[in-house]
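One letter stands for each residue in the lines below.
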Amino acid sequence: MIHKYEQGGMHIVLDVHSGAIHVVDPMIYRLLDFYPNPDQEAAVAALSGEFEEGVVREGLGEMDALIEMGQLFSPDDYLDSSAFKKQPIIKALCLHVAHDCNIRCKYCFASQGDFHGERLLMPLETGKRAFDFLVAHSGNRRNLEVDFFGGEPLMNFEVVKALVAYGRSLEAANNKHFRFTITTNGILLDDDKIAYINEHMDNVVLSIDGRPEVNDFMRPAINGQGTYDVILPKFKKLVESRGDKTYYVRGTFTHFNTDFAKDVVHLADQGFTLTSVEPVVSEPHHDYTLTSEDMKTVFEQYESLAETLIERSGTDRDFKFFHFMIDLNQGPCVIKRVSGCGAGSEYIAVTPEGDIYPCHQFVGNTDFVMGNVDQGTFETRLADDFSKVHVYEKQACRSCWAKFYCSGGCHANAYNFNHDIRVPYEIGCDMEKKRIECAIYIKAKEMSEASL
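Residues numbered from 1 in each chain as written. Predicted model: local features only at pLDDT ≥ 70, side-chain atom pairs only at ≥ 80, totals over all residues. Heavy atoms only, no water.

Here we come to the overall build of the chain. The secondary structure content of the chain amounts to 16 helices and 16 strands. A compact globule built from 452 residues would reach a C-alpha radius of gyration of about 22 Å, and the chain, at 24 Å, matches this within 12%. Reported as C-alpha extents along the three principal axes, the dimensions of the chain are approximately 75 × 50 × 45 Å. When burial is assessed residue by residue, the chain has 52% of its 452 residues classed as buried. Long-range contacts, defined as pairs at least 24 residues apart, comprise 70% of the intrachain contacts of the chain with a sequence gap of at least 6. When the accessible surface of the chain is summed, it comes to about 20500 Å², and 49% of that surface belongs to carbon and sulfur atoms. Counting 44 positive and 68 negative side-chain charges, the chain places the averaged centre of each group 5 Å from the other. (Helix = DSSP H or I, 4+ residues; strand = E, 2+ residues; numbered from the N terminus. Rg over C-alpha atoms; globule rule 2.2 N^0.38 Å. Buried < 20%, exposed > 50% of the residue type's maximum accessible area, 1.4 Å probe, protein only. Contact = heavy atoms within 4.5 Å. Areas by Shrake-Rupley, 256 points an atom, 1.4 Å probe, with all protein chains shown as cover. Lys, Arg positive; Asp, Glu negative; His and termini not counted. Charge placed at Lys NZ, Arg CZ, Asp CG, Glu CD.)

Here we come to the sheet that holds strand β3 (residues 21-24). Strand order in the open sheet made by the three strands is β1-β2-β3, with antiparallel pairing throughout. On the outer flanks of this sheet lie β1 (2-7) and β3, each paired with one strand and no other. The mean inter-strand angle of the sheet, taken between neighbouring strand axes irrespective of direction, is 25°. (Pairing = 2+ DSSP bridges. Axes fitted to C-alpha atoms, helices over the stretch in contact; angles between N-to-C directions.)

On to the side chain of Arg242. Mapped onto the elements of the fold, Arg242 is located in the loop between α8 (228-240) and β10 (248-253). This buried residue, Arg242, is left without a salt bridge; Asp202 holds the nearest opposite charge, at 7.0 Å. At a separation of 3.3 Å, a polar atom in the side chain of Arg242 contacts the main-chain carbonyl oxygen of Asp202. Arg242 has contacts with Ile197, Asn198, Met201, Asp202, Asn203, Val204 and Tyr247, leaving out every residue within four places of it along the chain. (Salt bridge = Lys/Arg side-chain N within 4 Å of Asp/Glu carboxyl O. Polar contact = N/O pair within 3.5 Å; in protein donor to acceptor, adjacent residues only side chain to side chain.)

Our next topic: the sheet that holds strand β8 (residues 177-184). With mixed pairing, the eleven strands of this open sheet are ordered in space as β12-β11-β10-β9-β8-β7-β4-β13-β14-β15-β16. Looking at strand neighbours, the two that pair on one side only are β12 (320-321) and β16 (377-378), the edges of this open sheet. Of the strand pairs in this sheet, β8 and strand β9 (residues 203-207) are connected by four bridges, and their pairing is parallel. Within β9, the position partnered with Thr181 by the bridge is Asn203.

This part covers the environment of Phe178. Along the polypeptide, Phe178 turns up in strand β8. A relative accessible area of 0% places Phe178 in the buried class. Taking C-alpha positions, Phe178 is 27 Å from Tyr405, a pair spaced 227 residues apart along the chain.

Counting 117 residues, the largest nonpolar core has Leu95, Phe131, Phe148 and Phe324 as its most contacted members. Looking at which element gives the most residues to this core, the answer is helix α16 (residues 426-450), with nine residues. In this view, Phe131 contacts Leu93, Leu95, Val146, Phe148, Leu163, Tyr166, Gly167, Leu170, Phe178 and Phe180; residues no more than four positions away in its chain are not counted. (Core = buried A, V, L, I, M, F, W, Y, C linked by side-chain atoms within 4.5 Å.)

Looking now at unusual backbone geometry. Along the chain, Tyr35 connects to Pro36 via a cis peptide bond; the corresponding omega equals 20°. Here Pro36 lies in the loop between α1 (26-31) and α2 (40-47). Of the consecutive residues Gly150 and Gly151, the connecting peptide bond is found in the cis state with omega at 15°. Looking at where Gly151 falls in the secondary structure, it is placed in the loop between β7 (143-149) and α5 (157-174).

In this section: the pattern of salt bridges. Per the counting criterion, the structure on display carries 24 salt bridges. A salt bridge links Lys161 to Glu158; its shortest N-O distance comes to 3.2 Å. Taken together, the positions of Lys161 and Glu158, both in helix α5 and three residues apart, correspond to about one turn of that helix. Note on Lys161: relative accessible area 27%, which makes it partly exposed. Among the salt bridges present, the one from Glu300 reaches Lys296, with a minimum N-O distance of 2.6 Å. Note that Glu300 and Lys296 are positioned in helix α10 (residues 295-312) at a spacing of four residues, about one turn of the helix. Overall, the relative accessible area of 40% leaves Glu300 in the partly exposed class. Because the salt bridges share partners, they merge into one network encompassing Arg211, Asp259, Lys262 and Asp263.

Right, here's the structure in full:
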């Protein structure tokens, strides 16, 4: 299987199963329409009026050589991989230390912080039991991930600090190492919290949507006032004092700002070099929901953003966009290529009440409760089901060229839109494919210019 497309004047070909990427001339691009089982004489006849016959035949020979080397129309050997035979282990925990929030984002999937339930803060003992659960179910995996999440986790910051200390106390005796992330809207940040986060958190996610008018329209405070002017200086201070530790400014774009490339660039111009601005995922009746009619503009924005990144590369205005950061040389392991984030089998979420869910986006849907850390219960039926949901289990994914980059997409989005974790969210698929094309184009452009 191959995927070919044109962008920025380049003709790009991806061999899906080998991962090989080729930048080709217009003749080769046209010849590929006759493959994988070419009638070579028909191809020569079809193109001889446009290209010299000898050049066409030479091109056919080049493609046959690439096929022989396994770099075009390579066979699909993934399903036979031994990775499918490995028993999944839990290695990442999304810890909902706060089901409460101090702002009221209009698009919040968590019902503005309470996840359709009571506003609660996680007790310390529940958090400790969640850590114990992760250690107990992580097998011989040494490196474990914990994301302090909300709502707004800074509303329960003393518990966050106590849990970091508890996690460290577990490491030596259990041969584990915790990597901590915290996601925050920034309202409660102060110098002490910034210093603590930069010392103890391996990653931090800073929520802001971009331009002031965009951010303040969708992310108002409880009193209805905008949050941009409050959080921007705090985010800048945190990032400036963070050194080389990882962070992301993370925003959401909606039907109201389909020109979101301007928001990404705006954040870059504020000095944030690591950005992630994601499409909103919401029910059709909301006025901010992205529609199929928005996709033309959205795709144009991704292409525009790709050109901006190329233009700024290597300058003091350089920045990175999360969705374009694809490793095209080696990429993730086989199981990651086909199974994605590991929600429900390698990754879980725990609520303030101690309930275990496959991920944060399932929280509140009681059909997906997997157990409770306070009660010491864990039912493996859902974990077993989620572990089997890979791209070969999804009919739409089997024939999709992007399957090893998106790994089948988000299970929660699939369920919320199609009531089946095996049926992907179509608009999300379309946007993901466009982002992958742009990421490949950026890399191809860089390699092309480096060879000049």
